[in-house]
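The lines below spell out each chain.
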Amino acid sequence: MRKIIIGVMGRGENATANDLENAYRLGQLIAKQGWILLTGGRNAGVMDAVSKGAKSADGLTIGILPSNNQDGISSWVDIAIFTDMGNARNNINVLTSHVIIVCGMGAGTASEVALALKANKQVILLTNNEESKVFFKKLSPENVYIVESVEQAIATVKTILY
């Protein structure tokens, strides 16, 4: 049976309280579906919160890290993949994920969305950033889904996958 990997991308530093709350709940619901969570693996922001949420529901977490060492890794990551690639690891994040959920928006997150769309991946935007919604929906209307809640994001993943 094929294992489903859901990538959750979002701000590390400067993540909002709402983004962190959404990320934690996303992690829980991804784990409850039996899906594997993939993040950027750091102990910051959305990456840490979503991994913590997944572990609270006994999920499996993968972190694709920018460095070549244990510094800054989330304690909630089960499988750490050290790339020594910095932000270039973003391409690994999106290519390995079956579906990408974006929780909040920042420059690094925007680069991941762009890479995902270039690879013809489906991206679910869970963000209050209206400019991002309009921009990415225009770039790839068939691959960008805009949702207002964590539950809607999970339902959209199911629609895409099944």
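None of the values given here were measured: they were computed from a predicted structure. (Residues numbered from 1 in each chain as written. Predicted model: local features only at pLDDT ≥ 70, side-chain atom pairs only at ≥ 80, totals over all residues. Heavy atoms only, no water.)

Asks: Explain the overall build of the protein chain here, please?
Replies: A tally of helices and strands in the protein chain yields 6 helices and 7 strands. Counting helices and strands in the order they occur from the N terminus, the protein chain gives β-α-β-α-β-β-α-β-α-β-α-β-α. By the compact-globule yardstick of 15 Å for 162 residues, the protein chain fits well, its C-alpha radius of gyration being 14 Å. Dimensions of the protein chain, computed from the C-alpha atoms along their principal axes, are close to 40 × 35 × 30 Å. Considering the protein chain as a whole, with its 162 residues, one finds that 51% of them fall into the buried category. Entry remark: accessible area of the protein chain is about 7,500 Å², with carbon and sulfur atoms responsible for 51%. Computing the positive centroid from 15 side-chain charges and the negative centroid from 14, the protein chain places the two 6 Å apart. (Helix = DSSP H or I, 4+ residues; strand = E, 2+ residues; numbered from the N terminus. Rg over C-alpha atoms; globule rule 2.2 N^0.38 Å. Buried < 20%, exposed > 50% of the residue type's maximum accessible area, 1.4 Å probe, protein only. Areas by Shrake-Rupley, 256 points an atom, 1.4 Å probe, with all protein chains shown as cover. Lys, Arg positive; Asp, Glu negative; His and termini not counted. Charge placed at Lys NZ, Arg CZ, Asp CG, Glu CD.)

Asks: Where do I start with the nonpolar core in this structure?
Replies: A general feature of soluble globular proteins is that nonpolar side chains tend to end up buried together. With 26 residues, the main nonpolar core has Ile6, Val8, Leu26, Ile30 and Ile101 as its most contacted residues. Of all the secondary structure elements, the ones that give two or more residues to this core are β1 (5-10), α1 (17-32), α2 (45-56), β5 (99-103), β6 (123-126) and α6 (150-161). Considering every element that reaches this core, the biggest residue donor is α1, with 5 residues. When residues no more than four places from it in sequence are discounted, the contact partners of isoleucine 101 are Ile6, Gly7, Val8, Met9, Leu26, Ile30, Ile124, Ala153 and Val157. Counting residues in hydrophobic clusters, the runner-up holds 17 residues, among them Ile5, Val94, Ile100 and Val102. (Core = buried A, V, L, I, M, F, W, Y, C linked by side-chain atoms within 4.5 Å. Contact = heavy atoms within 4.5 Å.)

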